[in-house]
Amino acid sequence: MSIDHGNTTRRGVLKGAAAALALAGAARAALPAGAFAQGAGPEVKGAKLGFIALTDAAPLFVAKEKGIFAKYGMPDTEVLKQASWGTTRDNLVLGSEGNGIDGAHILTPMPYLISAGRVTQNNVPVPMYIMARLNLNGQCISIAKEHIDHKIGLDTKPFKAVLEAKKASGKAVKAAMTFPGGTHDLWIRYWLAAGGIDPDKDIETIVVPPAQMVANMKVGTMDCFCVCEPWNEQLIHQGIGYTALTTGELWKDHPEKAFAMRAAWVDKYPNAAKALLMAVMEAQAWCDKPENRDEMAAIVAKRQWINVPVADVVDRMKGKFDYGTGRVVENSPFTMKFWADNASYPYQSHDLWFLTEDIRWGKFDAATDTKALIGKVNREDLWREAAKALGVSAIPTSTSRGVETLFDGKVFDPENPAAYLASLGIKKVA
């Protein structure tokens with residue numbers, strides 16, 4: 001029995017997911033409490049997990065709704081909506097003992113920023129562990145309708161002239177993202193900078209919670225924003241703006257959100273942490289089955305989760321991208337992945353790219369020991385343990401996915417991040 005987790009066909013993934021369900025079912029029969037483990041079961045029956053209203057939190061919704069947390073002995077797990085990424089950070093700092101949360105669906109760089117005390121009150125470090133990657137691809141950069149005649153896409157050179165003209169008329173130009181140093185911040189900065197727009201000088205970068213993006217663009221707060229679905233598609237449905245690109249066009253199969261936990265919680269309850277991780281992994285495999293995408297869209301659209309019409313969710317989940325400019329792409333190669341192509345595996349090389357970009361933009365010091373920091377935060381070893389318990393086949397043998405090439409030809413070699421920074425005109429101080 002196994003989950004086929006390598007660079008496989010959809011059929012392999014489906015067979016693997018079915019095998020995992022069968023294996024979990026057998027375990028449940030053997031262990032009435034629902035614990036899936038040889039030996040001791042979870043030390044506690046639940047945890048408090050936060051999420052932001054975005055479609056890449058779907059594995060947490062599915063694990064709760066379909067009883068997968070309960071299957072692994074964690075029936076009391078709560079999946080709790082957070083108002084913003086700042087709120088997520090604050091509640092992680094508090095922990096459930098302080099009426100906060102134990103873990104979360106989270107922007108991949110945030111566990112690093114929190115662990116290093118870069119974004120916490122009084123810069124106090126709060127150790128975090130990345131347990132799994134939740135998804136690849138699936139974010140978008142959207143532009144206000146006032147610029148629709150320009151049909152800005154991957155190339156931001158034409159957008160630079162548009163923004164300069166607007167500024168010359170005395171109007172402010174703004175780009176919105178969801179958290180400083182987070183994935184959306186890094187995608188929009190990379191995109192702007194590639195076309196010669198300095199995101200720190202040529203445009204004002206502002207923070208807006210994901211669920212407030214559409215409303216803010218409607219009243220003219222920003223010229224562009226980067227966020228996950230359903231907010232980009234909803235923007236088009238409401239006639240407020242259009243999609244310039246989906247972020248897979250910047251970097252195909254790029255890493256995105258993570259499933260992260262407070263280190264203290266994981267260290268105190270290792271069996272429970274493993275049970276949560278296994279439940280999330282099984283939910284990820286379920287989410288990636290094409291025949292489940294309609295049901296997944298119906299689940300995430302529910303009031304307790306994202307609270308939007310299913311129509312704002314379903315097309316892009318199934319790979320249909322209407323950019324709002326007359327361009328429609330069926331079966332997009334950049335559709336969000338939850339499990340296929342090692343989507344769940346938390347590659348250390350991916351974390352290094354985020355840290356390198358955060359060094360580029362001053363969120364981390366140039367002298368940051370990235371290897372040591374990744375060694376503390378990235379728990380791919382726990383992912384491997386959970387994968388073996390699930391019977392996952394083709395577990396990645398390397399913590400690196402290797403050399404990555406972005407849309408503008410820049411190459412990121414995890415063995416030489418300094419060369420990547422140098423190609424961007426930045427010298428990293430060792």
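Owing to the predicted nature of the structure, the values given are computational and were not obtained by experimental measurement.

Cut-offs applied
- Residues numbered from 1 in each chain as written.
- Predicted model: local features only at pLDDT ≥ 70, side-chain atom pairs only at ≥ 80, totals over all residues.
- Heavy atoms only, no water.
- Helix = DSSP H or I, 4+ residues; strand = E, 2+ residues; numbered from the N terminus.
- Buried < 20%, exposed > 50% of the residue type's maximum accessible area, 1.4 Å probe, protein only.
- Contact = heavy atoms within 4.5 Å.
- Areas by Shrake-Rupley, 256 points an atom, 1.4 Å probe, with all protein chains shown as cover.
- Lys, Arg positive; Asp, Glu negative; His and termini not counted.
- Charge placed at Lys NZ, Arg CZ, Asp CG, Glu CD.
- Pairing = 2+ DSSP bridges.
- Axes fitted to C-alpha atoms, helices over the stretch in contact; angles between N-to-C directions.
- pLDDT = per-residue confidence, 0-100.
- Right-handed = clockwise from strand over helix to strand, strands pointing away.
- Expected span 1.5 Å × (residues − 1).
- Core = buried A, V, L, I, M, F, W, Y, C linked by side-chain atoms within 4.5 Å.
- Phe/Tyr/Trp six-rings, centres within 6.5 Å; stacked < 30°, edge-to-face > 60°.
- Parallel < 35°, antiparallel > 145°, perpendicular 65-115°, else oblique.
- Nonpolar A, V, L, I, M, F, W, Y, C, P; charged D, E, K, R; others polar.

### Description of the overall build of the protein chain
Then comes step 1: For the protein chain, the count of helices and strands is 17 helices and 16 strands.
Then comes step 2: Taken over the C-alpha atoms alone, the protein chain extends approximately 70 × 50 × 40 Å along its principal axes.
Then comes step 3: Split into buried and exposed, the 430 residues of the protein chain put 58% on the buried side.
Then comes step 4: By sequence separation, contacts in the protein chain at least 24 residues apart represent 75% of the contacts at least 6 residues apart.
Then comes step 5: With the model as given, the accessible surface of the protein chain reaches about 16,000 Å², and the carbon-plus-sulfur share is 51%.
Then comes step 6: Averaging the coordinates of the 49 positive side-chain charges in the protein chain and doing the same for the 47 negative ones gives two points 1 Å apart.

### A closer look at the sheet that holds strand 9 (residues 224-228)
Then comes step 1: Read across the sheet, 5 strands follow the order 8-7-9-6-10 without closing on themselves; strand pairing throughout is mixed. With one partner strand each, in any of the chains shown, strand 8 (204-207) and strand 10 (241-246) form the two edges of the open sheet. Each adjacent strand pair in this sheet contributes to an overall mean axis angle of 25°, direction not counted.
Then comes step 2: Across the face of the sheet, helix 7 (residues 183-194) comes into contact with strand 6 (139-144), strand 7 (174-177), strand 8, strand 9 and strand 10 while running at roughly 140° to strand 9.

### A look at the confidence of the model for the protein chain
Then comes step 1: Looking at the protein chain as a whole, its pLDDT mean stands at 91, while 90% of the residues score no less than 70.
Then comes step 2: Note on residues 4-38: pLDDT under 50 across the span, and 71 contacts to partners over four residues away in sequence or across chains.

### A short note on the pairing of strand 8
Then comes step 1: As judged from the 4 bridges shared by strand 7 and strand 8, these two strands associate in the parallel manner. Bridge pairing in strand 8 places Ala175 opposite Thr205.
Then comes step 2: Read from strand 7 through helix 7 to strand 8, the crossover connection turns out right-handed.

### Things to note about helix 7
Then comes step 1: Its 12 residues place the ends of helix 7 16 Å apart at the C-alpha level, agreeing with the 16 Å of an ideal helix rising 1.5 Å per residue.
Then comes step 2: Summarising burial for helix 7: 10 of the 12 residues are buried, a large majority.
Then comes step 3: All buried positions along helix 7 are accounted for by Thr183, His184, Asp185, Leu186, Trp187, Ile188, Arg189, Tyr190, Trp191 and Leu192.
Then comes step 4: Of the residues one or two after helix 7, Gly196 is the one with positive phi, at around 90°.

### Regarding the nonpolar core
Then comes step 1: One finds Phe69, Phe159, Trp191, Phe259 and Trp353 to be the most contacted residues of the largest nonpolar core, which totals 132 residues.
Then comes step 2: Counting residues per element, this core draws most heavily on helix 11 (residues 270-287), at 13 residues.
Then comes step 3: In this view, Phe159 contacts Ile143, His147, Ile152, Trp191, Leu192, Ile197, Asp223 and Cys224; residues no more than four positions away in its chain are not counted.

### So, the sheet that holds strand 11 (residues 257-262)
Then comes step 1: Taken in spatial order, the 5 strands make up an open sheet running 3-2-4-11-5, and their pairing is mixed. Lying at the two open borders of the sheet, with one neighbouring strand each, are strand 3 (78-81) and strand 5 (128-133). Neighbour-to-neighbour, the strand axes of the sheet open up by a mean angle of 30°, direction not taken into account.
Then comes step 2: Running at roughly 145° to strand 4 (residues 103-107), helix 4 (residues 85-94) makes contact with strand 4, strand 5 and strand 11 of the sheet.
Then comes step 3: Against the sheet, helix 11 touches strand 2 (48-51), strand 5 and strand 11, its axis set at about 30° to strand 5.

### Quick look at the packing of aromatic side chains
Then comes step 1: Taken as a whole, this structure holds 15 aromatic pairs when the rule is applied.
Then comes step 2: Ring centres of Phe51 and Trp305 lie 5.5 Å apart, and the angle between their planes is 65°; on these two criteria the pair is classed as edge-to-face. Pair noted here: Phe51 is in strand 2 and Trp305 is in the loop between helix 12 (293-300) and helix 13 (314-317), with a separation of 254 residues, a long-range link.
Then comes step 3: Owing to a relative accessible area of 0%, Phe51 belongs among the buried residues under this scheme.
Then comes step 4: Overall, the relative accessible area of 5% leaves Trp305 in the buried class.

### Description of helix 11
Then comes step 1: For helix 11, spanning 18 residues, the distance from its first C-alpha to its last is 26 Å, which sits close to the expected 26 Å at 1.5 Å a residue.
Then comes step 2: Of all 18 residues in helix 11, 15 are buried; the element is thus mostly enclosed.

### What to know about the packing of helix 2 (residues 58-65) against helix 11
A pair of packed helices can be characterised by two numbers: the angle between their axes and the separation between those axes.
Then comes step 1: Following both chains from N to C, one finds helix 2 and helix 11 inclined at 105°, their axes separated by 8 Å at the closest point. The angle between helix 2 and helix 11 places the two elements in the roughly perpendicular class. When helix 2 is examined against helix 11, the residues Ala58, Pro59, Leu60, Val62 and Ala63 are found in contact with a partner set consisting of Ala279, Val280, Ala283, Gln284, Trp286 and Cys287.
Then comes step 2: Within the contact of helix 2 with helix 11, the residues separate by chemical class into 10 nonpolar, 1 polar and no charged.

### So, the environment of Glu204
Then comes step 1: Along the polypeptide, Glu204 turns up in strand 8.
Then comes step 2: With relative accessibility at 41%, the residue Glu204 sits in the partly exposed group.
Then comes step 3: For the pair Glu204 and Ala175, spaced 29 residues apart in sequence, the C-alpha to C-alpha distance is 6.1 Å.
Then comes step 4: If near-sequence neighbours (up to four positions away) are discounted, Glu204 is found in contact with Val173, Lys174 and Ala175.

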